[in-house]
Amino acid sequence: MAGSAGGILLVGAGVAGAALALALKERGLSFLWVAEGVGEASRVPVALVNPVRGKRGVLVPEGGEALEAARELYGRYVPLHLGLLRPVPEGEREAWERRLAGSGLRYLWRGEGLYLPGAFWLEPRPFLERVWAELGGVRDRVVAYAPGEVVLEGGRRLRPELVLYAGGARGAGVFSLEGRFVAGLELLLLEYREEALSYRVFLAGAALGGSYLDLPGYEEPPPAEGEVAWLLEGAESLLGYRPRVAGVWRGVRFRRASPLSPIPGGHALTGFGSTGFLLAPLWARRLVQALG
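Structure report, in brief. (Residues numbered from 1 in each chain as written. Predicted model: local features only at pLDDT ≥ 70, side-chain atom pairs only at ≥ 80, totals over all residues. Heavy atoms only, no water.)

### Examining the overall build of the chain
Spelled out, the test is: Where helices and strands are cited, they refer to DSSP runs of H or I of at least four residues and of E of at least two residues respectively, numbered from the N terminus. For this measure, only C-alpha atoms enter the radius of gyration; the expected value for a globule follows 2.2 Å times N^0.38, where N is the number of residues. Between buried and exposed lies partly exposed: a residue is buried under 20% and exposed over 50% of the maximum accessible area for its type, with that area taken using a 1.4 Å probe on protein chains only. The criterion used for residue contact is that any of the two residues' heavy atoms lie within 4.5 Å. Computed with the Shrake-Rupley method and a 1.4 Å probe, the accessible areas treat only the protein chains shown as cover for residues.
Looking only at helices and strands, the chain has six helices and 18 strands in total. At 19 Å, the chain has a C-alpha radius of gyration in line with the 19 Å of a compact globule built from 292 residues. For the chain, the proportion of its 292 residues judged to be buried stands at 52%. Put simply, 72% of the contacts in the chain that link residues at least 6 apart link residues at least 24 apart. About 12,700 Å² of surface is accessible on the chain, with carbon and sulfur atoms providing 51% of the total.

Set out below in structure tokens:
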């Protein structure tokens with residue numbers, strides 16, 4: 001989209017925005033990319049790309065296909081650290097086998113649990129910054145939106161034919177998108193794990209991560225003592241000891257019942273919560289294909 005009129009406007013430069021930008025480019029579609037900052041909640045120190053979620057081990061629908069799409073996309077830009085071990089008691093493995101059948105996931109049983117050789121972790125910041133540098137965009141914030149008109153904080157008015165909103169929690173209200181705000185937390189550790197370990201919380205690289213705290217709205221409160229204790233207790237159950245902490249990262253994740261939905265004059269791809277790095281590449285590709 002050149003100047004102030006016509007074309008596609010893409011809003012947001014987190015993982016969903018970057019995946020959409022690359023999908024639009026590959027489809028040969030021109031667009032203007034606008035973002036207040038590169039990443040926001042997606043600038044988490046370590047992102048675990050894992051199709052087996054939560055304490056109960058829920059399998060993400062289409063997790064196998066999504067994992068392949070994510071691995072192909074991110075692997076073009078940054079190193080991927082493959083392999084994830086999830087503890088599973090011997091007595092539960094038969095039930096897990098039934099659940100995994102037909103999932104499309106490669107797996108094997110190793111030692112104390114389920115091993116997913118195709119799951120991985122990455123450092124998102126270099127990925128996001130490299131995509132933004134490659135494709136270019138406008139650093140600005142959308143302050144008002146109506147079908148056919150977008151107003152930026154700097155005063156510029158745009159009249160796109162189609163808007164794709166891929167921002168997160170911070171800008172969702174401008175587009176009348178409702179969802180849950182969840183405080184994400186990662187503790188930066190003084191030790192390093194090449195192979196990810198996950199059960200309730202996860203350990204990967206030099207990070208210990210997890211989130212459970214709902215917020216009343218968009219805010220970034222300092223980490224509560226209970227949150228830190230919850231993470232460290234989870235790490236202790238996996239490692240047998242509490243790792244030493246060197247720092248803290250805080251972000252706000254946006255969760256919606258369906259991350260893909262129509263908005264007046266376009267589409268929204270946002271609200272993945274902690275599954276964004278897994279699902280965004282596949283969902284972005286499908287959305288762009290549907291545009292024709």
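### Concerning the sheet that holds strand 12 (residues 157–158)
The condition that has to hold: Strand pairing requires that DSSP identify at least two bridges connecting the strands.
Pairing in this open sheet of three strands is antiparallel, and the strands run 10-11-12 from one edge to the other. This sheet does not close on itself; its edge strands, each paired only once, are strand 10 (142–146) and strand 12. Taken together, the two bridges between strand 11 (residues 149–152) and strand 12 define a ladder with antiparallel strand orientation. Bridging across to strand 12, Val150 finds its partner in Leu158.

### Focus on the pairing of strand 15 (residues 201–215)
Here strand 15 lies mainly inside the structure; eleven of its 15 residues are buried. Remark: one residue form the turn of the hairpin made by strand 14 (residues 180–199) and strand 15, two consecutive strands paired antiparallel; Arg200 in that turn has positive phi of roughly 70 degrees.

### Looking at the environment of Leu278
Secondary-structure assignment places Leu278 in helix 6 (residues 276–291). Once you skip the residues sitting within four places of it in the chain, Leu278 turns out to touch Val49, Asn50, Pro51, Val60, Gly63, Ala66, Leu67 and Ala70.

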